[in-house]
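Read off the chains here:
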Amino acid sequence: MSSQSHINCTFAACRRGARMALPAFPGYIVFAMAFGTAAAQKELPLAHALGLSGFVYAGASQMVGLEVWQQVWSPTTILTIMTVTAVVNARLILLGATLQPWLEKEPLARSALNLFLLTEANWLFGTRYYNEGGRDVGILLGSGVTLWLVWLAASFVGYFAGALVPEPQRFGLDLVMPIFFGSMLVPLWKGVRPALPWFIAGAVALIVHSVLPGYFYLVAGAVSGVIAGMLTE
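All of the points below concern the structure found in this document.

**With respect to the packing of aromatic side chains**
Taken as a whole and assessed by the stated rule, the structure comprises 9 aromatic pairs. Residues Trp-102 and Tyr-129 carry aromatic rings whose centres are separated by 5.9 Å and whose planes lie at 35° to one another, so their mutual orientation is tilted. With Trp-102 in helix α8 (residues 100–103) and Tyr-129 in helix α10 (residues 120–131), this residue pair connects regions lying 27 residues apart in the sequence. Here Tyr-129 falls in the buried class, since its relative accessible area comes to 12%. Cluster of aromatic residues (ring-pair linked, three or more members): Tyr-28, Phe-31, Tyr-57, Phe-116 and Trp-151. Positioned over the ring face of Tyr-130 is Arg-135, at 3.7 Å from the centre of the ring.

**A few points about the state of the cysteines**
Summed over all chains, the structure comprises 0 disulfides. Lacking any disulfide linkage, Cys-9 is separated from the closest cysteine sulfur, that of Cys-14, by 4.4 Å. Taking the relative accessible area as the measure of exposure, Cys-9 reaches 16% and is therefore buried. Look at Cys-14 and you get buried, because its relative accessible area is 16%.

Rules behind the numbers
- Residues numbered from 1 in each chain as written.
- Predicted model: local features only at pLDDT ≥ 70, side-chain atom pairs only at ≥ 80, totals over all residues.
- Heavy atoms only, no water.
- Phe/Tyr/Trp six-rings, centres within 6.5 Å; stacked < 30°, edge-to-face > 60°.
- Helix = DSSP H or I, 4+ residues; strand = E, 2+ residues; numbered from the N terminus.
- Buried < 20%, exposed > 50% of the residue type's maximum accessible area, 1.4 Å probe, protein only.
- Lys NZ or Arg CZ within 6 Å of the ring centre and 35° of its normal.
- Disulfide = S-S within 2.5 Å.

Next comes the structure, spelled out in structure tokens:
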């Protein structure tokens, strides 16, 4: 490994990234515990539930996947769950693409690990850090590993104890993650025009969600946001 690779990912930055991840813990814990509870209710073995959290590691698609989970599988149901998972996770393609200028000179193995651990939360941390002039990839790695471990641990706890909070919305716990993301997006504000795709994607998703069942609103919001972004550029 070259000296430049060492400079690009330091242990100090990994520790800083781990500390930066702390505000995301409440939302992650509640979401992961909810997944653990849902997996137990679907009678998934603990190993399968932890395998989904550890290797799939994509909260929204894990929850959606559980909704279409079947005890007896057929080619149709397998194709359905593959399609739904791909659509829900497609957002990560765009998030990963925005990191290309930062990761382009990174060793392949480390880039692969960072992209595997990529979530909206550590993407926000990393993007904010990069926009402020930082270049140490340890920020991404430290926050990503920390959040992955928290997600895995909370999924385990939720599998056994998540039923103690069967309706998190009664306590406002379902608002923790949206509030966290909203507060983290504020420093990324660059004016009305760059934010137009966000607004359009959100508006379209809300409209489609109100008139169509299922998860069409995810596709509609994502596609409209991409089109809006292309037109504004």
